[in-house]
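Below, each chain spelled out in residue letters.
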Amino acid sequence: MVLVAFSSSRAPLHTGSLSERLVSRTSELLDPGRTFEGVQAALLTLPIEGDWPADRPRCEDRQLNPSRFAGPGISIRCVLLRLVCLCDAGDRLMRGELAPTSETRIIPLSPIPVTWASLRKTAILLCLLSSTSLSPTRGQVRIPVETVKLWADTFGRDLYDTVTKYSGSLLLQKKYKDVESSLKIKEVDGLELVRKFSEDMETMLRRKVEAVQNLVEAAEEADLNHEFNESLVFDYYNSVLLNEKDSSGAYVELGAEFLLEANAHFSDLLVNTTLSSVQLPTNVYNKDPDILNGIYMSEALNAVFVENFQRDPTLTWQYFGSSTGFFRIYPGIKWTPDENGVITFDCRNRGWYIQAATSPKDIVIVVDTSGSMKGLRMTIAKHTVSTILDTLGENDFVNIIAYNDYIHYIEPCFKGILVQADRDNREHFKQLVDELMVKGVGVVDRALREAFQILQQFQEAGQGSLCNQAIMLITDGAVEDYEPVLEKYNWPDRKVRVFTYLIGREVSFADRLKWIACNNKGYYTQISTLADAQENVMEYLHVLSRPMVINHDHDITWTEAYIDSKVGPQGAQSLALLTTVAMPVFSKKNETRSHGILLGVVGSDVALRELMKLAPRYKLGVHGYAFLNTNNGYILSHPDLRPLYREGKKLKPKPNYNSVDLSEVEWEDQAGMLRTAMINGETGSLSMDVKVPLDRGKRVLFLTNDYFFTDISDTPFSLGVVLSRGHGEYILLGNTSVEEGLHDLLHPDLSLAGDWIYCITDIDPEHRKLSQLEAVVRFLTQEDPALECDEELLQEALFDAVVTAPMEAYWTALALNSSDESEQVVDMAFLGTRAGLLRSSLFVGSEKVSDKRFLTPADEDSMFTLDHFPLWYRQAAEHPPGSMVFNLRSAEGPESPSKPAVVTVSTAVAVSVDNRTAIAAAVGVQMRMEFLQRSFWAATRQCGAAEGPCPESCQDSDLDCFVVDNNGFILISERPQEVGRFLGEVDGALVTQLLSMGVFSQVTMYDYQAMCRPPTHHHSASQPLVSPISAILSATRWLMNELLLLLLEWRAWGSWRGDHRAEAKTVFHHSHKHKKQDLLQPCDTAYPVFVHQTAVREANGTVECRACQKAFVMQQVPSSNLLLLVTDRTCDCSIFPPVLREAEEVKYNASVKCDRMRSQRLRRRPDACHAFHPEENAQDCGGASDTSASLALLLLPLWAWVLPPQLLR
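Keep in mind the model is a prediction, meaning the values are calculated, not measured.

### Details of the nonpolar core
With 182 residues, the main nonpolar core has Phe155 and Phe886 as its most contacted residues. By residue number, the principal contributor to this core is helix H7 (residues 190-224), which donates 13 residues. Residue contacts for Phe886: discarding those within four places in its chain leaves Leu159, Val903, Thr904, Val905, Met927, Leu932, Asp965, Leu971, Ser1120, Asn1121 and Leu1122. In this structure, Ile388, Leu473, Leu486 and Val543 belong to the second largest nonpolar core, which totals 74 residues.

### A look at the confidence of the model for the protein chain
Mean pLDDT over the protein chain stands at 82; residues scoring 70 or higher make up 78%. Scored below 50 in pLDDT, residues 1045-1077 makes 53 contacts in the model with residues more than four places away or belonging to other chains.

### Some points on the packing of aromatic side chains
Throughout the structure, instances matching the rule amount to 38 aromatic pairs. Here Phe327 and Trp335 contribute two aromatic rings whose centre-to-centre distance is 6.0 Å and whose plane-to-plane angle is 85 degrees, an arrangement assigned as edge-to-face. Accessibility classification places Phe327 together with Trp335 in one group, the buried group. A centroid spacing of 5.9 Å and a plane angle of 5 degrees characterise the contact between Phe452 and Tyr489, whose relative ring orientation is stacked. One end of the pair, Phe452, is in helix H13 (residues 444-460); the other, Tyr489, is in helix H14 (residues 483-489), with 37 residues separating them in the sequence. Tyr489 matches Phe452 in its accessibility class, with the two residues each being buried. An aromatic cluster is built from Trp756, Tyr758, Phe830, Phe854, Phe864, Phe869, Trp872 and Tyr873, whose rings are joined through pairwise contacts. When the ring centre of Tyr251 is taken as reference, the NZ or CZ atom of Lys245 above it lies at 5.0 Å. Between the NZ or CZ atom of Lys698 and the centre of the ring of Phe969, over which it lies, the distance is 4.8 Å.

### With respect to the sheet that holds strand E42 (residues 1144-1145)
Whether parallel or antiparallel, the strands of a sheet pair through hydrogen bonds between backbone atoms. Ordered by their spatial adjacency, 3 strands build an open sheet running E37-E38-E42, and the pairing between neighbours is antiparallel. Sheet topology places strand E37 (1000-1012) and E42 at the edges, where each strand pairs with a single neighbour.

### Looking at the packing of helix H21 (residues 738-745) against helix H22 (residues 772-780)
Between H21 and H22, the least distance of the axes is 11 Å, while the angle of their chain directions is 150 degrees. One finds that H21 runs roughly antiparallel with respect to H22. Between H21 and H22 lies a crossing of left-handed hand. Every residue of H22 that contacts H21 at Val738, Leu742 and Leu745 is listed here: Leu773, Val776, Val777 and Leu780. Tallied by class, the residues present in the contact of H21 with H22 amount to 7 nonpolar, no polar and no charged.

### With respect to the environment of Asp695
Looking at where Asp695 falls in the secondary structure, it is placed in the loop between strand E25 (684-694) and strand E26 (699-711). Take Asp695: its relative accessible area is 15%, and that puts it in the buried class. Taking the C-alpha atoms as reference points, Asp695 and Trp872, separated by 177 residues in sequence, lie 9.8 Å from one another. Apart from the residues within four sequence positions on either side, Asp695 is in contact with Leu871 and Asn887.

### Details of the side chain of His767
Position of His767 relative to the elements: it lies in the loop between strand E29 (750-752) and H22. The buried category is assigned to His767, whose relative accessible area is 5%. Among the polar contacts listed, one links the side chain of His767 to the side chain of Asp784, at a separation of 2.7 Å. With residues near it in sequence (within four places) discarded, His767 still touches Ile760, Thr761, Asp784 and Leu787.

### Structural notes on the sheet that holds strand E9 (residues 332-333)
Across the sheet, which stays open at both edges, the 3 strands sit in the order E4-E5-E9 with antiparallel pairing between neighbours. Each edge of the open sheet is held by one strand with a lone partner, namely strand E4 (261-263) and E9. Pairing of E4 with strand E5 (residues 269-272) involves 3 bridges; the strand directions are antiparallel. Bridge pairing in E5 places Asn263 opposite Leu269.

### Notes on the state of the cysteines
Using the criterion set out here, one finds 8 disulfides in the structure. Here Cys1105 is linked by a disulfide to Cys1133, with a sulfur-sulfur distance of 1.6 Å. Negative torsions about the S-S bond denote left-handed disulfides, and the value of about 75 degrees found for Cys1105 with Cys1133 makes this one right-handed. With a gap of 28 residues between them, Cys1105 in the loop between strand E39 (1098-1104) and strand E40 (1109-1116) and Cys1133 in the loop between strand E41 (1122-1128) and E42 connect regions that are remote in the sequence. Taken as a pair, Cys1105 and Cys1133 share a single burial class, namely buried. The disulfide partner of Cys1108 is Cys1131, and the gap between their sulfur atoms is 1.8 Å. Where Cys1108 bonds to Cys1131 through sulfur, the torsion about that S-S bond is close to 85 degrees, and the disulfide is right-handed. With Cys1108 in the loop between E39 and E40 and Cys1131 in the loop between E41 and E42, this pair connects stretches of sequence that are 23 residues apart. Accessibility classification places Cys1108 together with Cys1131 in one group, the buried group.

### Structural notes on the pairing of strand E23 (residues 644-647)
In terms of strand pairing, E23 meets strand E24 (residues 650-653) through 4 bridges, oriented antiparallel. Looking at the pairing, Tyr645 lines up with Lys652 of E24. The antiparallel hairpin formed by E23 and E24 contains 2 residues in its connecting segment, where Gly648 sits at a positive phi of about 70 degrees.

### Structural notes on the environment of Leu732
Among the secondary structure elements, Leu732 is positioned in strand E28 (residues 730-733). Sequence spacing of Leu732 and Gly621 is 111 residues, and the spatial spacing of their C-alpha atoms is 9.8 Å. Ignoring sequence-local partners within four residues, the contact set of Leu732 consists of Leu183, Lys184, Ile185, Glu796, Arg834, Val911 and Ala920.

### As for helix H27 (residues 988-997)
Working note: α-helix, 3.6 residues per turn, so residues spaced by three or four point in the same direction. Residues Gly988, Ala989, Leu990, Val991 and Leu994 constitute the buried set of H27. Lining the buried residues of H27 we find helix H26 (983-986), E37, E39, E40 and E41. Taken from the residues just after H27, Gly998 is the one with a positive phi, measuring 85 degrees.

### Some remarks on the side chain of Ser359
Tracing the backbone through its elements, the reader meets Ser359 in the loop between helix H10 (351-357) and strand E10 (361-368). Setting aside residues no more than four positions away along its own chain, Ser359 makes contact with Asp396, Cys467, Asn468, Cys1169 and His1170.

### Some details on the packing of helix H6 (residues 169-178) against helix H23 (residues 791-817)
Following both chains from N to C, one finds H6 and H23 inclined at 150 degrees, their axes separated by 10 Å at the closest point. Judged by the sense of rotation from one axis to the other, the crossing of H6 with H23 is right-handed. Residue-level inspection shows Leu171, Leu172, Lys175 and Tyr176 of H6 in contact with H23, the latter providing Phe799, Asp800, Val803, Thr804, Pro806, Met807 and Tyr810. Partitioning the contact of H6 with H23 into residue classes produces 8 nonpolar, 1 polar and 2 charged.

### Regarding the pairing of strand E36 (residues 970-973)
As paired strands, strand E35 (residues 959-965) and E36 are joined by 3 bridges and run antiparallel to one another. Within E36, the residue paired with Val963 across the bridge is Ile972.

### Examining the pattern of salt bridges
One side chain can pair with another of opposite charge once the charged atoms of both are near each other. Going through the model one piece at a time under the given rule, you end up with 52 salt bridges. For Lys361, the salt bridge identified is with Asp396, shortest N-O distance 3.2 Å. Pair noted here: Lys361 is in strand E10 and Asp396 is in the loop between helix H11 (376-390) and strand E11 (397-403), with a separation of 35 residues, a long-range link. For the pair Lys361 and Asp396, a shared accessibility class is recorded, and that class is buried. One salt bridge in this structure joins Asp661 and Arg1161, with 3.6 Å as the shortest N-O distance. Residue Asp661 is found in the loop between E24 and helix H19 (662-665), and its partner Arg1161 is found in the loop between helix H30 (1150-1158) and helix H31 (1191-1194); the two are separated by 500 residues along the sequence. Residue classification places Asp661 among the buried residues on the basis of a relative accessible area of 0%.

### Let's talk about unusual backbone geometry
Excluding glycine, most residues fall at negative phi; most peptide bonds, likewise, are trans. Tyr330 connects to Pro331 through a cis peptide bond whose omega is -5 degrees. Tracing the sequence through the fold places Pro331 in the loop between strand E8 (327-330) and E9. We note that Leu855 has phi near 60 degrees; this positive angle belongs to a residue other than glycine. Given the relative accessible area of 17%, Leu855 is considered buried. A positive phi angle, close to 55 degrees, is found at Asp914, a residue other than glycine. Structurally, Asp914 can be placed in the loop between strand E33 (900-913) and strand E34 (916-928).

Parameters and conventions
- Residues numbered from 1 in each chain as written.
- Predicted model: local features only at pLDDT ≥ 70, side-chain atom pairs only at ≥ 80, totals over all residues.
- Heavy atoms only, no water.
- Core = buried A, V, L, I, M, F, W, Y, C linked by side-chain atoms within 4.5 Å.
- Buried < 20%, exposed > 50% of the residue type's maximum accessible area, 1.4 Å probe, protein only.
- Helix = DSSP H or I, 4+ residues; strand = E, 2+ residues; numbered from the N terminus.
- Contact = heavy atoms within 4.5 Å.
- pLDDT = per-residue confidence, 0-100.
- Phe/Tyr/Trp six-rings, centres within 6.5 Å; stacked < 30°, edge-to-face > 60°.
- Lys NZ or Arg CZ within 6 Å of the ring centre and 35° of its normal.
- Pairing = 2+ DSSP bridges.
- Axes fitted to C-alpha atoms, helices over the stretch in contact; angles between N-to-C directions.
- Parallel < 35°, antiparallel > 145°, perpendicular 65-115°, else oblique.
- Left-handed = near helix turned anticlockwise from the far one by under 90°.
- Nonpolar A, V, L, I, M, F, W, Y, C, P; charged D, E, K, R; others polar.
- Polar contact = N/O pair within 3.5 Å; in protein donor to acceptor, adjacent residues only side chain to side chain.
- Disulfide = S-S within 2.5 Å.
- Salt bridge = Lys/Arg side-chain N within 4 Å of Asp/Glu carboxyl O.

Written out as structure tokens, the structure reads:
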């Protein structure tokens, strides 16, 4: 806008705040000590005509843009020039030479005629006043579009020349072009591929099943031939005591010498592959007659363990878990206590044991919360409920009802239904159980009626497990009016078993509870202490297993995925994702047939990583992958499954890591078609447009994926294979001689993907020491004919070795001929091929490499792994061949652990045969940040044909220049602290405008495996200010807790006939462990990813801010994924908030959250069900336990005082 003001006199102007702004805007240009009147006087005496240099630019040569000559640091000459231009416009208006427009306002201040010279001088001041006041309101810095384009082109050309020179990408492209005539590009048949993978996996898993069957037969035969000996004395290898010596140097009892050696097949743990060892939980007496007889009988398994391993060297751990509690494991290993020095592992509480020992079940837990349950009884009851929950798995369904004067579901959302007993729901129930409080009078009949009705409704609706049904009644015994309920809902068929748990040492109501259990095919136990819960709860599993045992049905059970944590010889912890195949072991003795005695469960682990190696990466293309899910829809293996999270420096399993649903990973499957088909075990295919996160969610790929799926016979698993459309559908086949390929394979700069299976090296112990490259060489030279290798993959690797061999010579010559300046350009060049072949060459000494983790196993994202191609390869594959993809990396080092230090640049090499295009390789360099910045600042000093200094430069104080990648991350900025950050964090106004113009688009991504910090709840803000007496009482209460804990330990010591005091502490802590909430909890999050729209190569405009217009120009840097952005720094756009990339938790309102929790997802039930058997001995239904008094019982009143107050309400 041009604002022209006229005045009739030189009287002072009443400008108000305008005057103040004039002083502030001119304080840098004139003497800061002058008053406004002084400034006014100085301006009125300025020469208007005749004093300007002859070369003064004409006004029409300049835009009448107020901000062009305003702002901090502008010279007085520029301000005066601006004034003259503006006032010249006023002159022309008065003379009629310039017609007013919508951008011109005339403000007549007075009609009194005055001399023109006087008017001119007053107009100068008003021009200054108006333009100075309006310059921050309507002004903008002019940014020449052509100049910015010149900068981008120059920068792009310099980068392209540098990258092609040091990477040798043009040479590699030529080498593949030269052999195009001998290449074949074959289209991949996805259905054929998934069937082949499935058959291979089925074969592998069948071998594991055969090994387990061998163990079952041996164990049952050994039991049949064993006569129980009450006075048996027998020494065995106790895993905890192995190689332990007493103070005299002699081996302790049950701790004889046991040879242990590190074994690569068993994660380098110290093991004995000739013998097994025996572990017992702390609460099991290691010389109990039942234990000794079971261990003696199971010695027969040692020979079978060894034979199985010799027959199938891919076997890992084999074991037998006894119903009495001992655990025999092969190979033998020394068991390591946890951080508290306690052995808490009990095989009977593991998923593989529980699922193999029983059929699926529907359970309703009914817990008494009446006033009589207060204190220690309620604590024991809560621990009992938690222990029952721990015995449930994903094929089971559960709900919990609490009762006193009335009944209530502890989770109101679950009212009237059963929910799947997956890890999420079990942990949720445990937290709610911990919050139960006691009050009122217990009325059990309504609670039982509600429980029977739920089970009946679910059975009739065909929901739940459709197998076993049971009610767990937990009470201190004050029950009545239960018989009519049982008669109405459960008699005479007794299809629902009722298990009763009497809490406390009171035995007055024991007969009633035992009667309920015995007349409903259940079992009665009394739980007097926390330590009793584990053993007594396990009794119900033996009852449920009776029908299966009597029938001698050896059902094969496969578990969901779970993490097995083992500690290596150097203390390093290895976390492996496993599934277990397990089978029950029965007593075949005729005299105990009706009792259905379960001896235990045998099992063997299968590392899912080994299973997925049967779906080779090279057959799936750059973005393809394979995955497995269970009959319940839960992920068994998937590249996007993230089972661990970081807490401090430790990696810990997420609470719900093994109940991640397929729909939460493949979340684009909104209609659930893929999930439904796979759960139903169908064979078929479908296509989906998907958004694939990359680089830890910073980037996203838009792909069209073809999904192929089938089931794996005789397992509850389904296999899926994903191929991306385009180059992902094709596989490149080359041909070369072994001699030529072997020669080039031996170059020192070459390596092969360590996780890929070129040759099988994990069977023969001699081969386990070989790297894949060493194994390949031994196979090709026929040095070791016994090696089994993938000949198709070897042929591809040999061909790639030959084609890429000239790169080594090229890089070597370049390094020799380059000056020392090359050290400031790139650190290394590298390439990778679709056969997993890697070449790299250093241009600097290894000690000078900026990012030493790159292309090492410490940086999985840069390597070929079992799950994915390298990040630089995947990014390059989705850009046009020849286009350079830049990615900023942080150097991990002690000096600057997260400072951006290096840039990787990669480009894809494609080949085309018969109108089919496949990605053959990707090549790139690791470029130094210093060089990138030097090249950019040099490019921005270009100004085309103009002579002399450039009028505009990125070094100007009124311009901001950024180089960002296609996802908005800053690679170059004048302010080093901004490098590596997202542009929206630095300039929210600019990114907001780019989004509105369509230069960038915002894509919302979802993470259903996230961990969030829960909201904190403060019950009372005044609590910290309570009197010191409260603190004293709290301390006293803590001391009494410790004292009573010691008493419980002492009581436990007397009962177990052994020094196992730690167990009481363990059980106590276990019962309260859910009180200590983790800092992070599972949640769903949504997060934005910003993507440049490649069709928009250049853009410019302004951002309307409150007080100014912010000009900007965007130009794509040619042949790259980079953008150059130049903006007006003088315009303050802080009214725009920053645009952040932070993930936000998806908050569900109460109704939606409840609906999600109640939803019953499609699942496929296990084929086998054993609910009842007519020969079952239902009168074997439990009895009263030891009721002797104890010191802990005598101190119950004191215990009640020590317990948390909420338990006493």
